[in-house]
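Breakdown of the fold
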Amino acid sequence: IELKRTLNVFDATSIGIGAIVGAGIFVVTGISAGLAGPAVVLSVLISGAIACLTALSFAELSSAIPKEGGAYAYAHETISPFAGFMVGWLWLISNIVAGAAISIGLASYIAILIPSIPVKLIAISACIIVTLVNLFGIKESSLVNNVLVLVKISVLCFFMAVGMFHLTPKNLVPLMPNGWIGVFQGAALIFFAYAGFARITTVAEEVKNPERTIPMSILLSLGICMALYTLTSFTAVGLVNYRDLALSGSPLSDAAMATGNPLASLVVTLGAITATTSVLLTTIIGLSRVSFAMSRNLQLPRFVGKVHARFRTPYVSIITVGVAMTLLASFADLKQVVAVSSFASLCYYATTNVSAFFLRKRNRTHIGTFKAPLYPVFPLLGLASCIILIFFLTYDSVLIGTVAAIAGGVYYLIRKQITRKDAGRPG
């Protein structure tokens, strides 16, 4: 049973925006402001520029290799099956962890409206609900996401329009309380907020005319989100002191409250709920498609890649990643999971830049319809920038991420031996 091509440019771009705009801007803004101070706006621009470098690599690769699995498929075909597996493994870890963080962020905003319900219970319930939605088909999931995306963009525009009239200049000084180190530390965390642009590539086999649609959708979604993030973060630190934002689990809602307009805070809270729900929805879409692609290449158990006869969705993958995310959400710490997710994201994005570099070296006969300019400058800059940002993450997040990567390598070797034995040929 094959997956069905049903998504157009608007759907694909909406998946990108849906994956990007969420916990990053509604939750991580506060954490990053605690590191960068009012200069968190610079952190947003730096991480956005780095994301753009890598986005060009994704755009070119998606045009040449329009296969389900995104970064996993690119590394698998341009570097080696092992590199592909490691990228897929880190993608799964990153997005399962990110999904748990997003569900906690979602729960924090819902708790503002319904304080009687425990945050962890809300987070767990959210994971279960979006898993069920994903089971019913990519087009159905996309329609839900399209509505959520339009709502959350409208809310951010409302927040900026209202907030701009209540900015307090004294909140913007000192601009860099922790210097450039703090700015880059903030950028390393904010990168988590941009990471979703690659989500579009994971559903390549469900997109119409993917060679053109996916590159266009990647660049459109990232450009729109950079503009939204820059203006939103500036408004937030102008409304509330960065120290207070750093302590808040719902920073934009608190910033809206500073306008003295209760309605503004309510609207932003509802927008945050909508936004994080959308990201959670697309996170499971991406996770299930990557695990589906890995299963198809026998790098995960074959049953993981089963497609539902009626809904044409990889239902085993969806259920598996949904359960993993739900379990993690029940005991995760927001700041720690964001840092670990950022480490894994930077690692597989770095590898994607390597894939883009090798694409033209090894596959000159089939490059694709989209070619990133200034080859090989952008892939190499993208690779270097990802590596540099890793050094600004916390020691714990790098250690945990490294241990997870080693565990993946061990699993790969064991899995390869099992596959070779069962198939009677190299796996």
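Bear in mind that the values here come from a model prediction, so they are computed numbers and not experimental data. (Residues numbered from 1 in each chain as written. Predicted model: local features only at pLDDT ≥ 70, side-chain atom pairs only at ≥ 80, totals over all residues. Heavy atoms only, no water.)

**Concerning the overall build of the protein chain**
Looking only at helices and strands, the protein chain has 16 helices and 0 strands in total. Since a compact globule built from 427 residues should have a radius of gyration of about 22 Å, the 20 Å found for the protein chain is in line with a globular shape. Based on the C-alpha atoms only, the size of the protein chain along its principal axes is roughly 70 × 45 × 40 Å. Contacts in the protein chain between residues far apart in sequence, at least 24 positions, make up 84% of those at least 6 positions apart. Accessible area of the protein chain: about 16100 Å², with a carbon and sulfur share of 71%. With 28 positive and 14 negative side-chain charges, the protein chain shows a separation of 6 Å between the mean positions of the two kinds. (Helix = DSSP H or I, 4+ residues; strand = E, 2+ residues; numbered from the N terminus. Rg over C-alpha atoms; globule rule 2.2 N^0.38 Å. Contact = heavy atoms within 4.5 Å. Areas by Shrake-Rupley, 256 points an atom, 1.4 Å probe, with all protein chains shown as cover. Lys, Arg positive; Asp, Glu negative; His and termini not counted. Charge placed at Lys NZ, Arg CZ, Asp CG, Glu CD.)

**Let's talk about the pattern of salt bridges**
Under the criterion given, the structure shown has 5 salt bridges. One salt bridge in this structure joins Asp-11 and Lys-139, with 2.8 Å as the shortest N-O distance. Pair noted here: Asp-11 is in helix H1 (residues 9-20) and Lys-139 is in helix H7 (residues 138-163), with a separation of 128 residues, a long-range link. With a closest N to O distance of 2.7 Å, Glu-205 and Arg-296 form a salt bridge. A residue pair is termed long-range when its members are at least 10 positions apart, and Glu-205 in the loop between helix H8 (179-194) and helix H9 (210-239) and Arg-296 in helix H12 (residues 262-296) qualify at 91 residues. Sharing partners across several salt bridges, the network here consists of Glu-68, Glu-206 and Arg-289. (Salt bridge = Lys/Arg side-chain N within 4 Å of Asp/Glu carboxyl O.)

**As for empty space enclosed by the protein**
In the structure shown here, the tally under the stated rule is 2 cavities of 30 Å³ or more. When its volume is computed, the second largest cavity comes out at roughly 30 Å³. Around the second largest cavity sit Leu-56, Ser-57, Glu-60, Ala-356, Ala-372, Tyr-375, Phe-378 and Pro-379, which together line it. If you list the elements that add at least two residues to the lining of the second largest cavity, you get helix H3 (40-64) and helix H15 (377-390). Taken together, the residues of the lining of the second largest cavity break down into 6 nonpolar, 1 polar and 1 charged. (1 Å grid on protein atoms, 1.4 Å probe; cavity = no way out; pocket = protein on both sides within 12 Å on 5 of 7 lines; lining within 4 Å. Points joined across faces, edges and corners; volume = space filled by probe spheres on them. Nonpolar A, V, L, I, M, F, W, Y, C, P; charged D, E, K, R; others polar.)

**A few points about the nonpolar core**
Formed by 121 residues in total, the largest nonpolar core has its most connected members in Val-21, Phe-26, Phe-159, Phe-197, Leu-252 and Tyr-349. Looking at this core, the element that brings in the most residues is helix H5 (residues 81-113), giving 17 residues. (Core = buried A, V, L, I, M, F, W, Y, C linked by side-chain atoms within 4.5 Å. Buried < 20%, exposed > 50% of the residue type's maximum accessible area, 1.4 Å probe, protein only.)

**Considerations on helix H6 (residues 119-135)**
A turn of α-helix holds 3.6 residues, and therefore any two residues three or four places apart point the same way. Taking 1.5 Å of rise per residue, 17 residues should cover 24 Å, and H6 covers 25 Å from first to last C-alpha, within 8% of that figure. Regarding H6, the residues found buried are Ile-122, Ala-123, Ala-126, Cys-127, Val-130, Thr-131, Asn-134 and Leu-135. Of the surrounding secondary structure, the elements contacted by the buried residues of H6 are H5, H7, H12 and helix H13 (315-329). Where H6 ends, the next residue or the one after it, Gly-137, has phi of about 130°, a positive value. (Expected span 1.5 Å × (residues − 1).)

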